[in-house]
Amino acid sequence: QVQLVESGGGLVQAGGSLTLSCAASGSTFSINTMGWYRQAPGKQRELVATVTNGGIRNYADSVKGRFTISAINSKITVLLQMNSLKPEDTAVYYCHADEIVSGNDYWGQGTQVTVSS
């Protein structure tokens with residue numbers, strides 16, 4: 001089992017920056033990929049960025065060049081640095097992890113990011 005706890009959300013003006021943090025605990029040795037997803041009101045949850053065990057990063061086109069995902073302490077903590085924020089980035093951001101062997105995946109409780117215009 002893996003537990004994920006997010007922090008760092010908040011209200012920011014357009015053009016500003018925020019850093020989200022996700023702390024993993026439990027069977028962290030079993031994690032393959034960690035990442036961030038987001039869900040805006042009335043929309044489906046969508047991928048924002050992921051990082052694999054091997055350090056391969058993947059970004060949604062809408063955030064490339066503005067967001068950076070990084071993992072520290074062997075993915076016990078995953079950060080999402082968000083720059084040049086836009087009102088359309090407003091959403092609840094969820095941390096996600098999946099396991100190598102079982103394929104199980106885990107979600108954090110979510111953290112609200114609101115970007116005002």
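Residues numbered from 1 in each chain as written. Predicted model: local features only at pLDDT ≥ 70, side-chain atom pairs only at ≥ 80, totals over all residues. Heavy atoms only, no water.

Draft legend 1. Structural context of the overall build of the protein. Along the backbone of the protein there are 0 helices and 11 strands. Counting from the amino terminus, the protein carries its helices and strands in the arrangement β-β-β-β-β-β-β-β-β-β-β. The globule rule puts the C-alpha radius of gyration for 117 residues at 13 Å, and the 14 Å found for the protein is close to it. Expressed as a percentage of its 117 residues, the buried residues of the protein come to 44%. When contacts within the protein are restricted to residue pairs at least 6 apart in sequence, those whose partners lie at least 24 apart make up 54%. For the protein, the accessible area works out to roughly 5900 Å², and carbon and sulfur atoms hold 50% of it. Both charge centroids of the protein, one from 8 positive and one from 8 negative side chains, sit 6 Å from each other. (Helix = DSSP H or I, 4+ residues; strand = E, 2+ residues; numbered from the N terminus. Rg over C-alpha atoms; globule rule 2.2 N^0.38 Å. Buried < 20%, exposed > 50% of the residue type's maximum accessible area, 1.4 Å probe, protein only. Contact = heavy atoms within 4.5 Å. Areas by Shrake-Rupley, 256 points an atom, 1.4 Å probe, with all protein chains shown as cover. Lys, Arg positive; Asp, Glu negative; His and termini not counted. Charge placed at Lys NZ, Arg CZ, Asp CG, Glu CD.)

Draft legend 2. How the structure looks around unusual backbone geometry. Of note in the backbone geometry, Ser 84 takes a positive phi value of approximately 50 degrees without being a glycine. Positionally, Ser 84 belongs in the loop between β8 (77-82) and β9 (91-99).

Draft legend 3. Structural view of the state of the cysteines. Tallying each qualifying case throughout the model produces 1 disulfide. The disulfide partner of Cys 22 is Cys 95, and the gap between their sulfur atoms is 2.0 Å. Handedness here is read from the sign of the S-S torsion; for Cys 22 and Cys 95, about -85 degrees, the answer is left-handed. With Cys 22 in strand β3 (residues 18-26) and Cys 95 in strand β9, the pair connects residues that are 73 residues apart, well separated along the chain. Taking the relative accessible area as the measure of exposure, Cys 95 reaches 0% and is therefore buried. (Disulfide = S-S within 2.5 Å.)

Draft legend 4. Region of interest: the side chain of Glu 99. Here Glu 99 is to be found in strand β9. Among the polar contacts made by the side chain of Glu 99, one reaches the side chain of Ser 30 at a distance of 2.9 Å. (Polar contact = N/O pair within 3.5 Å; in protein donor to acceptor, adjacent residues only side chain to side chain.)

Draft legend 5. Summary view of the pattern of salt bridges. Within the structure shown, the criterion is met by 4 salt bridges. Here Glu 46 makes a salt bridge to Arg 38, at a shortest N to O gap of 2.7 Å. Assessed through its relative accessible area of 37%, Glu 46 is described here as partly exposed. Among the salt bridges present, the one from Asp 89 reaches Arg 66, with a minimum N-O distance of 2.8 Å. With Asp 89 in the loop between β8 and β9 and Arg 66 in the loop between β6 (57-59) and β7 (67-72), this pair connects stretches of sequence that are 23 residues apart. Classification of Asp 89 by relative accessible area gives buried; the value is 1%. (Salt bridge = Lys/Arg side-chain N within 4 Å of Asp/Glu carboxyl O.)

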